[in-house]
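A closer look at the structure
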Amino acid sequence: MLVALVFAMLVTGVIIVGTIGLLMWAAQKWASYWLALAIGIICVGYFCYSIVQLAVFCSADPVWVPNPDSPEGGTYRFNCDSAGGIVDRLYIYIVGPMIVVALIWLTARFGRQKASA
């Protein structure tokens, strides 16, 4: 099941990078080179920001959740430790950085096209 989840996340990452690449190509073809470069830089910044934001959220202090049935009166819950936490960790450490590296490569490729032309 974990392999299927990782595969689905990687496919989603490829679709995201492909869509951004298509958007950059269209911007360069019909608008300007600088717009295509700006799209790439903004997307790299956004994905870096989302990785950092999620890492900060996952490393936050645990939250006290009251539970009247518990003899202690409640329990502490950590962020990103539930079933969905594996998705967060996969995004922080595997899929997110792969998307950022692919977008940096794509943006640099568009930048080199202008420099060589």
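Quick note: structure is the one above.
The helix and strand inventory of the protein stands at 3 helices and 2 strands. Traced from its N-terminal end to its C-terminal end, the protein shows the element sequence α-α-β-β-α. For the protein, the C-alpha radius of gyration of 20 Å lies well beyond 13 Å, the compact-globule estimate for 117 residues. Along the longest, intermediate and shortest principal axes, the C-alpha atoms of the protein span 70 × 30 × 20 Å.

Summed over all chains, the structure comprises 0 disulfides. Considering cysteine sulfurs only, cysteine 48 is the nearest to cysteine 43, which forms no disulfide, with 11 Å between them.

Overall, the coordinates contain 3 aromatic pairs when judged by the stated rule. Each ring, one from tyrosine 33 and one from tryptophan 34, has its centre 4.9 Å from the other, and the planes form 70°; the classification is edge-to-face. According to the relative accessible area criterion, tyrosine 33 is buried, its value standing at 12%. Taking relative accessible area as the criterion, tryptophan 34 reaches 60% and is therefore assigned exposed. Note on tyrosine 46 and phenylalanine 47: the rings are 5.3 Å apart at their centroids and 75° apart in plane angle, and the pair reads as edge-to-face. Overall, phenylalanine 47 belongs to the buried group, its relative accessible area being 9%.

Okay, the packing of helix H1 (residues 2-30) against helix H2 (residues 33-58) next. Packed helices, taken two at a time, are described by the angle their axes make and the gap between the axes. At their nearest, the axes of H1 and H2 sit 7 Å apart, and the two run at 155° to each other. By the angle class used here, H1 and H2 are roughly antiparallel. When the axes of H1 and H2 are compared, the crossing they make is right-handed. Taken together, the residues of H2 that come into contact with H1 (itself represented by Ile16, Ile20, Leu23, Met24, Ala27 and Gln28) are Tyr33, Leu35, Ala36, Ile39, Gly40, Cys43 and Phe47. Looking at side-chain class alone, the contact of H1 with H2 contains 11 nonpolar, 2 polar and no charged residues.

One finds Ile20, Met24, Phe47 and Leu103 to be the most contacted residues of the largest nonpolar core, which totals 23 residues. No other element matches helix H3 (residues 85-116), which puts 9 residues into this core. In contact with methionine 24, other than residues within four places in its own chain, are Ala36, Ile39, Gly40, Leu106, Thr107 and Phe110.

Turning next to H2. For H2, which comprises 26 residues, the first-to-last C-alpha distance of 38 Å matches the rise-based estimate of 38 Å (1.5 Å per residue) to within 8%. Of all the positions in H2, only Tyr33, Ala36, Leu37, Ile39, Gly40, Cys43, Val44, Phe47, Ser50, Ile51, Leu54 and Cys58 are classed as buried.

To continue, consider a nonpolar patch on the surface. A grouping of Leu2, Ile86 and Val87 is seen on the molecular surface, where their side chains present a nonpolar patch of about 230 Å² in accessible area. Tracing the backbone shows valine 87 in helix H3.

Here we come to the environment of cysteine 48. When you line up the elements, cysteine 48 lands in helix H2. For cysteine 48, a relative accessible area of 33% gives the class partly exposed. Remark: the alpha-carbon pair of cysteine 48 and arginine 112, spanning 64 residues in sequence, is separated by 22 Å.

Rules of the game
Residues numbered from 1 in each chain as written. Predicted model: local features only at pLDDT ≥ 70, side-chain atom pairs only at ≥ 80, totals over all residues. Heavy atoms only, no water. Helix = DSSP H or I, 4+ residues; strand = E, 2+ residues; numbered from the N terminus. Rg over C-alpha atoms; globule rule 2.2 N^0.38 Å. Disulfide = S-S within 2.5 Å. Phe/Tyr/Trp six-rings, centres within 6.5 Å; stacked < 30°, edge-to-face > 60°. Buried < 20%, exposed > 50% of the residue type's maximum accessible area, 1.4 Å probe, protein only. Axes fitted to C-alpha atoms, helices over the stretch in contact; angles between N-to-C directions. Parallel < 35°, antiparallel > 145°, perpendicular 65-115°, else oblique. Left-handed = near helix turned anticlockwise from the far one by under 90°. Contact = heavy atoms within 4.5 Å. Nonpolar A, V, L, I, M, F, W, Y, C, P; charged D, E, K, R; others polar. Core = buried A, V, L, I, M, F, W, Y, C linked by side-chain atoms within 4.5 Å. Expected span 1.5 Å × (residues − 1). Patch = residues over 30% accessible without salt bridge, like charges linked within 9 Å, V, L, I, M, F, W, Y side chains within 5 Å. Areas by Shrake-Rupley, 256 points an atom, 1.4 Å probe, with all protein chains shown as cover. Salt bridge = Lys/Arg side-chain N within 4 Å of Asp/Glu carboxyl O.

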